Amino acid sequence: DSERRNIYAEILVNNNYSSVFEFGCASGPNLKNILIKMPNLSVFGFDINEQAISLANKEFHKYKAVFTTSLNIKVILSALNNFDIKFFELGIYDRVLYLLNEEDVRNHFIMMNKYLKSIIIDDFHSEKTEISESNYKTKNFIKILETCNFKLVRIEDSKHINKNNFFKKNAKILIFENNLNLNI
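Residues numbered from 1 in each chain as written. Predicted model: local features only at pLDDT ≥ 70, side-chain atom pairs only at ≥ 80, totals over all residues. Heavy atoms only, no water.

**Q** Just to check I follow, could you spell out the overall build of the protein for this structure?
**A** Scanning the protein from terminus to terminus reveals seven helices and nine strands. In terms of overall dimensions, the protein is globule-like: its C-alpha atoms have a radius of gyration of 16 Å, near the 16 Å expected for 184 residues. Considering only C-alpha atoms, the protein reaches an extent of 45 × 35 × 30 Å along its principal axes. Within the protein, contacts between residues at least 6 apart in sequence are counted, and of these 68% link residues at least 24 apart. Counting every atom, the protein has about 9600 Å² of accessible surface; 46% of that belongs to carbon and sulfur. Charged side chains of the protein number 24 positive and 22 negative; the gap between the two group centres comes to 1 Å. (Helix = DSSP H or I, 4+ residues; strand = E, 2+ residues; numbered from the N terminus. Rg over C-alpha atoms; globule rule 2.2 N^0.38 Å. Contact = heavy atoms within 4.5 Å. Areas by Shrake-Rupley, 256 points an atom, 1.4 Å probe, with all protein chains shown as cover. Lys, Arg positive; Asp, Glu negative; His and termini not counted. Charge placed at Lys NZ, Arg CZ, Asp CG, Glu CD.)

**Q** Where do I start with the nonpolar core in this structure?
**A** Inside soluble globular proteins, nonpolar side chains tend to come together where they are buried. Membership of the largest hydrophobic core comes to 28 residues, with the highest contact counts inside it found for Phe21, Tyr93, Phe109 and Ile121. Contributing elements (two or more residues each) for this core: β1 (19-23), β2 (42-46), α4 (73-83), α5 (102-112), β5 (118-124), α6 (141-146) and β9 (171-178). Phe21 has contacts with Phe44, Phe46, Leu71, Phe88, Leu90, Gly91, Ile92, Tyr93, His108, Met112 and Leu116, leaving out every residue within four places of it along the chain. With 23 residues, the next largest nonpolar core counts Ala9, Leu41, Ile53 and Ala56 among its residues. (Core = buried A, V, L, I, M, F, W, Y, C linked by side-chain atoms within 4.5 Å. Buried < 20%, exposed > 50% of the residue type's maximum accessible area, 1.4 Å probe, protein only.)

**Q** I'm lost on the layout of surface pockets in this one. Help?
**A** Here the idea is plain: a probe the size of a water molecule rolls over the atoms and shows the empty space left. In this structure, the largest pocket occupies an estimated 170 Å³ of space. Lining the largest pocket are Ile7, Glu10, Ile11, Asn14, Asn15, Tyr17, Ser118, Val153, Arg154, Ile175 and Glu177. If you list the elements that add at least two residues to the lining of the largest pocket, you get α1 (6-14), β8 (150-157) and β9. (1 Å grid on protein atoms, 1.4 Å probe; cavity = no way out; pocket = protein on both sides within 12 Å on 5 of 7 lines; lining within 4 Å. Points joined across faces, edges and corners; volume = space filled by probe spheres on them.)

**Q** I tried to follow α5 on my own but got confused; where do I start?
**A** Since one α-helical turn is 3.6 residues long, residues separated by three or four positions face the same way. Taken residue by residue, α5 has Val105, His108, Phe109 and Met112 as its buried positions. The buried residues of α5 occupy one face: seen down the axis, they fall within an arc of 90 degrees. Where the residues of α5 are buried, they touch β1, α4, β4 (90-94), β5, α6 and β8. Where α5 begins, the side chain of Asn101 points an oxygen toward the backbone nitrogen of Glu103, at a separation of 3.1 Å. (Arc of directions from axis to C-beta. Polar contact = N/O pair within 3.5 Å; in protein donor to acceptor, adjacent residues only side chain to side chain.)

Written out as C-alpha cells, the structure is:
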C-alpha cells in the first residue's frame, strides 16, 4: 500500500469503475495496490520489460488480469474480449511518458482513444516549451491529449517524491476524460 498510489484506487472506487489499463506497469505495484481494494477489477498491464511482465503474470494469476510486452490493436481487442468489455474505464500512466517523444505519445493516445474512458497521467508537464533535466523532459500533455479527443478535468501536484526544483515545478497529476461516446 502506498499513499501515492491510492489516487488510482480512489478514482476507480469513486466512479464505480470495473476495469483498468496501465501503460508501463512494471511488475504491477500500482495494480496490486488497487486489487487489494478491488479484487474483482479487470486489469490489463503493458510493459516492455519481459521479466517484470513474467513476474506480474505469476503474481496476478488469481485475478482477472492480462499482462503483455506487446501493445497493438489486436492485443488490446483480445484483452477487451477476454474481459467482455468495450473499453477500459481508467488508463494509468505513472512516470512513463517522459521516456517517449511527443510524436510517440500522440500516436499512442490516437490508438487508445477508442479504448480508454478516462486517463490519469503522473509525469512531467509544462504548458510552455519543453523543459528538461538529465533524462527527464516535460511535455504539454493538455495540448497532446486534446488532439486525441481527451479533455482535462483536473490537474494537481504529483505525490511522487520531489528530488529537486525541476520535480517540484513540473511533476503533475493530470486527469482526462474521453470526448468520444464510448458507451455505444
